[in-house]
Amino acid sequence: MTADTLISMRGMGECPSFESGQKDKNMNTNMEKKNDEAVSPVIATILMVAITVVLAGVLYVWANSLASDQPEAGSLNNFGAEDASAFLSGETDDTMIRMSWTYADENLNWAFLSFKLEKGDEVFTCEIATNADGADCLIQQTGDSDTQWESDEIVYIKENGADLCTSSCDLTITIQYNGQVLSGTNSVTVA
């Protein structure tokens, strides 16, 4: 306030006294103290909520990655394949490949297995003898169970009415279990 304003307000009887000004200062000081005290719990609450949200997000990401990193059954199995050492002819029932597990975490159910052979651009589907209708090649089992490829079982791949290899040829093998490609020998030269 300027001096002119104070003089004109004093003449009208509206001039604030020094004491009321002092009260206003004290009231402002008290309000500031109250505001200072009220800020701390609000900030603490906001910080606790923010920390809780961040921790919940971190735990969610960690648990989600832990759950998704679990391998499906049989994905750890690893197979070996080699030439069956049988004579190849022009016939359509030659035994071509001998396969066994080099590492088997468990027996695998034939219902969830798929075998494919590739020779160049040609793709051939192989099935076990009980499901061989329309398959290009047969999987001949040597184990005790007709429903599983057992961990100690040797299987043979034979032609099934199609001449896949008349003489020496390179075959690429793809085996899937539950849609997941199994590791192993993926190429064999059959002679």
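Conventions we followed
- Residues numbered from 1 in each chain as written.
- Predicted model: local features only at pLDDT ≥ 70, side-chain atom pairs only at ≥ 80, totals over all residues.
- Heavy atoms only, no water.
- Core = buried A, V, L, I, M, F, W, Y, C linked by side-chain atoms within 4.5 Å.
- Buried < 20%, exposed > 50% of the residue type's maximum accessible area, 1.4 Å probe, protein only.
- Helix = DSSP H or I, 4+ residues; strand = E, 2+ residues; numbered from the N terminus.
- Contact = heavy atoms within 4.5 Å.
- Disulfide = S-S within 2.5 Å.
- Patch = residues over 30% accessible without salt bridge, like charges linked within 9 Å, V, L, I, M, F, W, Y side chains within 5 Å.
- Areas by Shrake-Rupley, 256 points an atom, 1.4 Å probe, with all protein chains shown as cover.
- Salt bridge = Lys/Arg side-chain N within 4 Å of Asp/Glu carboxyl O.
- Phe/Tyr/Trp six-rings, centres within 6.5 Å; stacked < 30°, edge-to-face > 60°.

Brief notes about the nonpolar core
By size, the foremost hydrophobic cluster in this structure holds 30 residues, and its most contacted members are I97, M99, F115, L117, W149 and I157. When residues of this core are traced back to their parent elements, those giving at least two are β1 (78–83), β2 (95–103), β4 (113–119), β5 (122–128), β6 (137–140), β8 (154–159), β9 (169–177) and β12 (187–190). For this core, the element with the most residues is β9, which contributes five residues. With sequence-adjacent residues up to four places away left out, W149 is seen in contact with F79, M99, S100, W101, N107, L108, W110, L113, F115, V155 and I175.

Side note on the state of the cysteines
Enumeration over the complete set of coordinates arrives at two disulfides. Disulfide pairing is shown between C126 and C137; the S-S distance is 1.8 Å. The disulfide joining C126 to C137 has a torsion of about -75° about its S-S bond and is therefore left-handed. Of the two residues, C126 is situated in strand β5 and C137 in strand β6; the sequence distance between them amounts to 11 residues. We classify C126 as buried; its relative accessible area is 2%. The class for C137 is buried, based on a relative accessible area of 0%.

Here we look at a nonpolar patch on the surface
A grouping of I43, L47, I51 and L55 is seen on the molecular surface, where their side chains present a nonpolar patch of about 390 Å² in accessible area. Position of L55 relative to the elements: it lies in helix α2 (residues 18–68).

Here we look at the packing of aromatic side chains
Counted under the stated rule, the structure contains five aromatic pairs. Geometrically, the ring pair formed by F115 and W149 is tilted, given 5.6 Å between the ring centres and 40° between the ring planes. Note that F115 is positioned in strand β4 and W149 in strand β7 (residues 148–149), a separation of 34 residues in sequence. Exposure remark for W149: the relative accessible area of 0% places this residue in the buried category. Aromatic ring contacts, followed pair by pair, group W101, W110, F115 and W149 into a single cluster.

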